[in-house]
Protein chains: 2
Amino acid sequence: MNSNKSFEPGCPLPISAKNTVQLAHGGGGRLMQELIQDVFVRAFQNPMLESLHDGATWPVEKGTLAFTTDSYVVRPLFFPGGDIGSLAVNGTINDLAMCGAKPLYLSAGFILEEGLSLDVLQQVVNSMAEAAQAAGVPIVTGDTKVVDRGKGDGIFIHTSGVGFVPTGVRVLPTLIQPGDAILVSGDLGSHGVAVLSVREGLTFDSPIESDSAPLHRIVADLIECDIEIHCLRDLTRGGLASVLNELATAAKVGMTVDESVIPVSEPVRGACELLGLDPLYVANEGRFVAMVPASQIEATLAVMRQHAASSQSAYIGAVTDHQSPPIVLRTVLGTHRVLDLLSGEQLPRIC
Amino acid sequence: MNSNKSFEPGCPLPISAKNTVQLAHGGGGRLMQELIQDVFVRAFQNPMLESLHDGATWPVEKGTLAFTTDSYVVRPLFFPGGDIGSLAVNGTINDLAMCGAKPLYLSAGFILEEGLSLDVLQQVVNSMAEAAQAAGVPIVTGDTKVVDRGKGDGIFIHTSGVGFVPTGVRVLPTLIQPGDAILVSGDLGSHGVAVLSVREGLTFDSPIESDSAPLHRIVADLIECDIEIHCLRDLTRGGLASVLNELATAAKVGMTVDESVIPVSEPVRGACELLGLDPLYVANEGRFVAMVPASQIEATLAVMRQHAASSQSAYIGAVTDHQSPPIVLRTVLGTHRVLDLLSGEQLPRIC
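Residues numbered from 1 in each chain as written. Chains lettered and ligands numbered in written order. Predicted model: local features only at pLDDT ≥ 70, side-chain atom pairs only at ≥ 80, totals over all residues. Heavy atoms only, no water.

**Details of the pairing of strand β9 (residues 231-234) of chain A**
Residue and element names in this part refer to chain A.
Then, in step 1: Of the two faces of β9, the one carrying C231 and R233 and the one carrying L232 and D234 are both buried.
Then, in step 2: Pairing between β9 and strand β11 (residues 288-292): four bridges, direction antiparallel. Paired with L232 across the two strands is A290, which belongs to β11. (Buried < 20%, exposed > 50% of the residue type's maximum accessible area, 1.4 Å probe, protein only. Helix = DSSP H or I, 4+ residues; strand = E, 2+ residues; numbered from the N terminus. Pairing = 2+ DSSP bridges.)

Here is the structure:
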């Protein structure tokens, strides 16, 4: 490579010469500038990011802000129905939505392993850009680091998000009260099983795709329709059972849910039986629970079912007075089973 | 361990039983809850974090917000004058300050490697908590992931930050104009050399400590004193030379700086000579450049020199009309040298 030529715009890029990420791509020099311009800025294009300042700035009205963060280490990077890029965008949008917020802007931080294929990086970044575009939530600031080969695992992504909570909206675990209805936005377990299937090389008769999806428009509709939401929570790591435990503990209540009405697709149920997994503990990336007053069940379900990602919403149980252990499942056999927090996890690195 | 006992508060923690991070600590179950409560929430204590909601929310006045993000992969985790924890807090505070913003809140995301000592994690988290406390910027939301042994490197930290830009304040690369003075807030190169020294097992006659420090109070003072700031930028990866290149390119100007007045301490100068490094390209974590009108040089230096972290502030050069290459150094010998962007980096994983 002629080093003088690399000063001129339009010349062949050093980064494409080797087609892999080098330590120098994280070094603050020309290679990093080119990576930022040619991969990130080009894909995420928006004026705030293009300013290449240390941060993004924008005017805001008086109100309430929401702020959230998540790291993504899913393995493998690509799986049926999604990849680490779309997951990192949807997941953080969903965390904002679960606060009742309208997501405004995202940040993206990358930890790349030396030797990563630049084509793979480009694919992931394109997927992020598409997910951000589809959700209408731009990525406005970012950071890139490179770690030595064997000190990372291809790509880790960190996204943070800022949102605006509409006036009068309060969505908090502590607002949950006995008598509230528990609604779930769709069938459970697809994300975890989809990731596991490709990781373990399993094939099923009916292909299982991740449920990864942005949920903010559903929440915006619930707010728009004046549904009295007490709490929302997306059913990620640890699945429905773990989330209900967390919420019940925070709200100092109990909850009883009915196995016969908790939606689980036949392929996921079959795969879980085969793999010895309980779908109630499997991670989802496009499902949430909503706690609303019992009087609002029908109205809430009507709004939720208008959206593709929550078309199978179901009323699955009720909040009770405090009980210990807090979460009880009424099984299809009519018996009762405690849904405790697992010690660890069924599936590592699922998100 | 009696598994029933782990349900009760105050009992010996399973996490301390093995004293290392397990994959299960990232799994959404009981071990993760305990890690969050016993390590993170306890150290970062504040009501917003303790709500354990999917995000933090707070009321905001009409105005301008700033939002920034950074990942930290420094190796080793501890070095003279700092560690990855304080670096992750100060670095993101500084990115907000460089936008002219008063930092409000931080998020913290952790990617932990299976097998990491919980004592090391606690030390890093305590250092973050102290840095956040000292800076008056609480960590209000977070996330933890665990990756398999050999797929990470101990601890990676992502911090994002949100700040409020005071009315009328605009600090942008594009505001830099020919005739502006270039000021630097102190001596250069200590951070990079301090990290390198411990990584390579080097000892120097005079110990060299990282300059890692929060810079937001200096910036707040400059704004308070009505200094007409055109641009600010912290001198991290790539050091002074790379930052000046970036800013000159963004502002479509040239810059000429004077080697004889650029502060570099004798120990750092000696270490750089020994190691074949150019201190103008070495990363700093508590130094910044300010571009201000020439009429404001003395007033700006007077404010900056009141703060310990910028007591050695110096006027080092001037912005010129566009020139190519953009950055010229007037050497101590009276000759001129181009300060170009390096292709890669002198020191990998310095922040």
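Once you've had a look at it, read on.
**A word on the relation of the copies chain B and chain A**
Then, in step 1: For these two chains of identical sequence, chain B goes onto chain A by a turn of 180° and a shift of 0.0 Å along the axis, with RMSD 0.0 Å. Taken together, the rotation and translation describe the operation of a two-fold axis.
Then, in step 2: Most of the interface of chain B is mirrored in chain A: 100% of its interface residues are interface residues there too. (Least-squares fit on C-alpha atoms with pLDDT ≥ 70 in both. Contact = heavy atoms within 4.5 Å.)

**Things to note about the interface of chain B and chain A**
Then, in step 1: Listed as interface residues are 81 residues of chain B and, on the opposing side, 81 residues of chain A.
Then, in step 2: In total, chain B and chain A occlude about 6,400 Å² of area from one another, counting both sides; carbon and sulfur atoms represent 55% of this.
Then, in step 3: Three residues, D54, F67 and R237 of chain B, lead the burial of chain B against chain A; their summed loss comes to 13% of the area buried on that side.
Then, in step 4: Where chain B meets chain A, there are 16 salt bridges. (Buried area = accessible area lost by both parts, 1.4 Å probe. Salt bridge = Lys/Arg side-chain N within 4 Å of Asp/Glu carboxyl O.)

**Here's the deal with the domain arrangement of chain A**
When the parts come together, some accessible area is lost, and that loss is often what is quoted as the size of the interface.
Residues and elements named next belong to chain A.
Then, in step 1: Examined at the domain level, chain A breaks down into domain 1 (23-165) and domain 2 (173-338).
Then, in step 2: At the interface, 22 residues of domain 1 touch 22 residues of domain 2.
Then, in step 3: Between domain 1 and domain 2, roughly 1,800 Å² of surface is buried when both sides are summed, and carbon and sulfur atoms account for 59% of that area.
Then, in step 4: When the buried surface of domain 1 facing domain 2 is broken down by residue, P80, N94 and M98 rank first, second and third, together holding 32% of it.
Then, in step 5: The interface formed by domain 1 and domain 2 includes zero salt bridges.
Then, in step 6: At the surface where domain 1 touches domain 2, the tally comes to nine residue pairs in polar contact (both at pLDDT 80 or more).
Then, in step 7: Class assignment of the residues belonging to the side of domain 1 that touches domain 2 gives a composition of 13 nonpolar, seven polar and two charged. (Domains from an automatic or database assignment. Polar contact = N/O pair within 3.5 Å; in protein donor to acceptor, adjacent residues only side chain to side chain. Nonpolar A, V, L, I, M, F, W, Y, C, P; charged D, E, K, R; others polar.)

**What about the side chain of N94 of chain A?**
Residue and element names in this part refer to chain A.
Then, in step 1: Mapped onto the secondary structure, N94 falls in helix α4 (residues 84-97).
Then, in step 2: Relative accessible area serves as the criterion here: at 1%, N94 is assigned to the buried category.
Then, in step 3: Within the structure, the side chain of N94 is placed 3.4 Å from the backbone oxygen of E285, a separation counted as a polar contact.
Then, in step 4: Excluding its chain neighbours within four sequence positions, the residues that come into contact with N94 are A213, P214, L215, H216, D234 and E285.

**Here's the deal with the sheet that holds strand β14 (residues 336-338) of chain B**
Residue and element names in this part refer to chain B.
Then, in step 1: If you walk across this open sheet you meet the seven strands as β9-β11-β8-β12-β10-β13-β14, and the pairing is mixed. Of all the strands in the sheet, just β9 (231-234) and β14 have a single pairing partner and so form its edges. Ignoring strand direction, the axes of neighbouring strands in this sheet form an average angle of 25°.
Then, in step 2: Contacts between helix α8 (residues 239-251) and the sheet are confined to β8 (181-184), β9, β10 (254-258), β11 (288-292), β12 (314-320) and β13 (327-330), with β11 contributing the most and set at about 35° to the helix. (Axes fitted to C-alpha atoms, helices over the stretch in contact; angles between N-to-C directions.)

**Considering the confidence of the model for chain A**
Then, in step 1: Residues with a pLDDT of 70 or more make up 94% of chain A, whose mean pLDDT is 92.
Then, in step 2: Low pLDDT, under 50, characterises residues 1-17 of chain A; the predicted model gives this stretch 17 contacts beyond four residues in sequence or across chains. (pLDDT = per-residue confidence, 0-100.)

**Some points on helix α6 (residues 190-200) of chain A**
For an α-helix, the turn length of 3.6 residues means that residues three or four places apart are oriented alike.
Residue and element names in this part refer to chain A.
Then, in step 1: Taking burial as the measure, the eleven residues of α6 include nine buried ones, the bulk of the element.
Then, in step 2: Three or more residues of α6 are buried, namely S190, H191, G192, V193, A194, V195, L196, S197 and R199.
Then, in step 3: Looking at the packing, one finds that the buried side of α6 touches β3 (78-79), α4 and α9 (266-275).
Then, in step 4: At the C-terminal side of α6, G201 shows a positive phi close to 70°.

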